[in-house]
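Now for the letters of each chain:
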Amino acid sequence: MNTWKRNAVIATVLLFVCAGIYLNWSHQQKALNTDLTDTLPVDALNQQSYQQTLLNTAQEDAEVSSMEDSFAGIRLSRQQSRESAIELLQETISYASDEASADASSAKMQLEQMVQTALMEAQIESMVIAKGYADCVVYFSDELVSVAVAAPQDGLKDADVAVLADLVTSQTDYDMSSIRIIEVS
């Protein structure tokens, strides 16, 4: 008999908890679906222009967010691949039996080169952003420097490309033919 009462009490408490969770969820859904026109007088605003403004603002926010996310994703991908390469080089250095071995010295040179490249990329990215561009990502390869720049509303002009190329050539040993400027819109 005692077990039956205890189970009945537990079932009742669970029923009330589930009902509370459902009512809370239902109330939150209604709050999320509330339209701004419900709280503002309709005659105080032009319905169509207001909705169009909201739509345009939402689209612009989504585009900016998407562009920022893409630049952040590129940086994250670059950082992850660089970290895994650094880890392999550090393992090579630590497992080399002789400090003066060719493998250890080669790994040390590659590690130093990766650090220098990362510093140059970060420095150029900072300088491009300081020039007034929204965002950019710089990537060095053996023969090329790629600069992906968030394009202004009216796009990159020849003067913008010249400024960016000059910035890269002044910070590196690459010549103009080795620089690729990529407009990201």
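Residues numbered from 1 in each chain as written. Predicted model: local features only at pLDDT ≥ 70, side-chain atom pairs only at ≥ 80, totals over all residues. Heavy atoms only, no water.

1. Let's talk about the overall build of the protein
To be explicit about the condition: Strands are runs of DSSP state E lasting at least 2 residues, helices are runs of H or I lasting at least 4, and numbering of each runs from the N terminus. Each residue is placed in one exposure class: buried if its accessible area under a 1.4 Å probe, protein chains only, is under 20% of its type's maximum, exposed if it is over 50%, and partly exposed if it falls in between. In what follows, a contact means two residues having at least one pair of non-hydrogen atoms within 4.5 Å.
Helix and strand content of the protein: five helices and three strands. Listed N to C, the secondary structure of the protein is α-α-α-α-β-β-α-β in terms of helices and strands. Counting all 185 residues of the protein, 22% fall into the buried class. Long-range pairs, those at least 24 residues apart, make up 55% of the contacts in the protein with a sequence separation of at least 6.

2. Some points on the sheet that holds strand β3 (residues 179-184)
What holds strands together in a sheet is hydrogen bonding between their backbones, with the strands either parallel or antiparallel. Stated precisely, the cut-off is as follows: At least two bridges found by DSSP between two strands is the condition for calling them paired. Axis definition: a line fitted to C-alpha atoms, limited for helices to the stretch in contact. Angles are taken between N-to-C directions and run from 0 to 180 degrees.
Spatial strand order, β1-β2-β3: three strands in an open sheet with mixed pairing. One side of each edge strand has no neighbouring strand; the edge strands of this open sheet are β1 (136-140) and β3. On average, adjacent strands in this sheet sit at an angle of 15° to one another, irrespective of strand direction. Along the sheet, helix α5 (residues 158-171) contacts β2 (145-150) and β3; its crossing angle with β3, the most-contacted strand, is approximately 135°.

3. Re the nonpolar core
Heads up, the condition is: Joining through side-chain atoms within 4.5 Å is the link that ties buried Ala, Val, Leu, Ile, Met, Phe, Trp, Tyr and Cys residues into a set, and such a set is a nonpolar core.
Ranked by size, the top nonpolar core spans 14 residues in total, and within it Ile124, Val128 and Val138 carry the most contacts. Broken down by secondary-structure element, the contributors of at least two residues to this core are α4 (102-130), β1, β2 and α5. Once residues within four sequence positions are removed from consideration, Val138 is found in contact with Arg78, Glu121, Ile124, Glu125, Val145, Ser146 and Val147. Counting five residues, the second-largest nonpolar core is a separate cluster that includes Ile93, Ala107, Leu111 and Met114.

4. Regarding the pattern of salt bridges
Heads up, the condition is: Think of a salt bridge as a Lys or Arg side-chain nitrogen and an Asp or Glu carboxyl oxygen that are within 4 Å of each other.
Taken as a whole and judged by the stated rule, the model has six salt bridges. Between Glu121 and Arg78 there is a salt bridge, with the nearest N and O atoms lying 3.4 Å from each other. Of this pair, Glu121 sits in helix α4 while Arg78 sits in helix α3 (residues 47-95); the two residues are 43 residues apart in sequence, bridging distant segments of the chain. The partner of Arg78 in a salt bridge is Glu125, and the shortest N-O contact between them spans 2.9 Å. Residue Arg78 is located in helix α3, and its partner Glu125 is located in helix α4; the two are separated by 47 residues in the primary sequence.

5. Some thoughts on α5
Which entries qualify depends on this criterion: Residue count minus one, scaled by 1.5 Å, sets the expected span of a helix. An arc is given here, and it is the one of the directions from the helix axis to the C-beta atoms.
Here α5 is 14 residues long and its end C-alpha atoms lie 20 Å apart, about the 20 Å a rise of 1.5 Å per residue gives. Buried within α5 are the following residues: Asp160, Leu164, Ala165, Leu167 and Val168. Buried residues along α5 cover an arc of 155° about the axis, so they all sit on one side. With respect to the buried face of α5, the exposed residues turned more than 90 degrees away are Asp158, Ala159 and Ser170. Buried residues belonging to α5 abut α4, β2 and β3.

6. Concerning the environment of Ser126
When you line up the elements, Ser126 lands in helix α4. For the pair formed by Ser126 and Cys136, sequence separation is 10 residues and the distance between their alpha carbons is 8.6 Å.

These values are about where atoms sit, not about what they do.
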